[in-house]
Amino acid sequence: MRSIILSFLLLVSFFANAQTTVSLVPIPAELKMGKGNFDLSNKTVIVVEGQGLEKSAQFLNEYLKEIFGFNLKIVKNYNAPNSIRLSNKEMKSEIAGAYNLNVSDKGVYIQGDNESGVFYGI
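This text gives an overview of the structure that appears in the document. (Residues numbered from 1 in each chain as written. Predicted model: local features only at pLDDT ≥ 70, side-chain atom pairs only at ≥ 80, totals over all residues. Heavy atoms only, no water.)

1. With respect to the nonpolar core
Right, so step 1: Core analysis: the biggest nonpolar cluster contains 16 residues, and Ile46, Leu60, Leu72, Ile84, Leu86, Val108 and Ile122 have the highest contact counts within it.
Right, so step 2: It is helix 2 (residues 54-68) that contributes the most residues to this core, 3 residues altogether.
Right, so step 3: Residue contacts for isoleucine 46: discarding those within four places in its chain leaves Ala57, Leu60, Asn61, Leu72, Lys73, Ile74, Val75, Ile84 and Leu86. (Core = buried A, V, L, I, M, F, W, Y, C linked by side-chain atoms within 4.5 Å. Buried < 20%, exposed > 50% of the residue type's maximum accessible area, 1.4 Å probe, protein only. Helix = DSSP H or I, 4+ residues; strand = E, 2+ residues; numbered from the N terminus. Contact = heavy atoms within 4.5 Å.)

2. Some remarks on the side chain of threonine 44
Right, so step 1: Along the chain, threonine 44 turns up in the loop between helix 1 (2-17) and strand 1 (45-49).
Right, so step 2: Classification of threonine 44 as buried rests on a relative accessible area of 1%.
Right, so step 3: Polar contacts involving the side chain of threonine 44 include one to the side chain of asparagine 82, which spans 2.8 Å.
Right, so step 4: Discounting chain neighbours no more than four positions away, the residues touching threonine 44 are Phe38, Asp39, Leu72, Lys73, Asn82, Ser83 and Ile84. (Polar contact = N/O pair within 3.5 Å; in protein donor to acceptor, adjacent residues only side chain to side chain.)

3. Things to note about the pairing of strand 1
Right, so step 1: Of all 5 residues in strand 1, 4 are buried; the element is thus mostly enclosed.
Right, so step 2: Note: strand 1 against strand 2 (residues 73-75), 3 bridges, orientation parallel. Looking at the pairing, isoleucine 46 lines up with isoleucine 74 of strand 2.
Right, so step 3: Crossover handedness for the path strand 1 to helix 2 to strand 2: right-handed.
Right, so step 4: Bridging between strand 1 and strand 3 (residues 83-87) involves 5 bridges; their strand directions are parallel. (Pairing = 2+ DSSP bridges. Right-handed = clockwise from strand over helix to strand, strands pointing away.)

4. A short note on the sheet that holds strand 4 (residues 99-104)
Hydrogen bonds between backbone atoms are what pair the strands of a sheet, whose relative direction is either parallel or antiparallel.
Right, so step 1: Taken together, the 5 strands give an open sheet; going across it, the order is 2-1-3-5-4, and neighbouring strands pair in mixed fashion. Both outer strands of the open sheet, strand 2 and strand 4, are each paired with one neighbouring strand and no more. The sheet shows a mean angle of 15 degrees between the axes of neighbouring strands, direction not considered.
Right, so step 2: Judged from the 6 bridges that link them, strand 4 and strand 5 (residues 107-112) form a sheet pairing that is antiparallel. The partner of asparagine 102 across the bridge, within strand 5, is tyrosine 109. (Axes fitted to C-alpha atoms, helices over the stretch in contact; angles between N-to-C directions.)

5. What to know about the packing of aromatic side chains
Right, so step 1: Applying the stated rule across the entire model yields 3 aromatic pairs.
Right, so step 2: On the numbers, 6.0 Å between centres and 25 degrees between planes, the contact of phenylalanine 68 with phenylalanine 70 is stacked.
Right, so step 3: Members of the aromatic cluster, connected to one another through ring pairs, are Phe59, Phe119 and Tyr120. (Phe/Tyr/Trp six-rings, centres within 6.5 Å; stacked < 30°, edge-to-face > 60°.)

6. Examining the side chain of asparagine 88
Right, so step 1: By secondary structure assignment, the location of asparagine 88 is in the loop between strand 3 and strand 4.
Right, so step 2: Separated by 2.9 Å, the side chain of asparagine 88 and the backbone oxygen of glutamine 51 make a polar contact.
Right, so step 3: Once residues lying within four places of it in the same chain are set aside, the contact partners of asparagine 88 are Glu49, Gly50, Gln51, Leu53, Gly112, Asp113, Asn114, Glu115 and Val118.

Following this line, the structure appears as structure tokens:
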């Protein structure tokens, strides 16, 4: 479990500090590099946008508490920046547990085809 969250945090760090070389395992189907970084702080909010994602949000929150020493507020609706949004909207993917992970200076968006996809994205 810790390795999944560590992978998420490393990926966030990777996007903030990446050069032209990518060393992610497994290799993502697609990777687009941007500029900027996302600052995770105790003011960041976890937004649950779908049914059955509360356990994944709580898992992420517990891990962040263990590593960084703070809990994040978990809400169902939030449209401001500085959030980690979890969504299980249908992606029409042929891969079970597929997910998209988008990290920008405004926040993190993890969209899974189902609950498992969101968890894998975390």
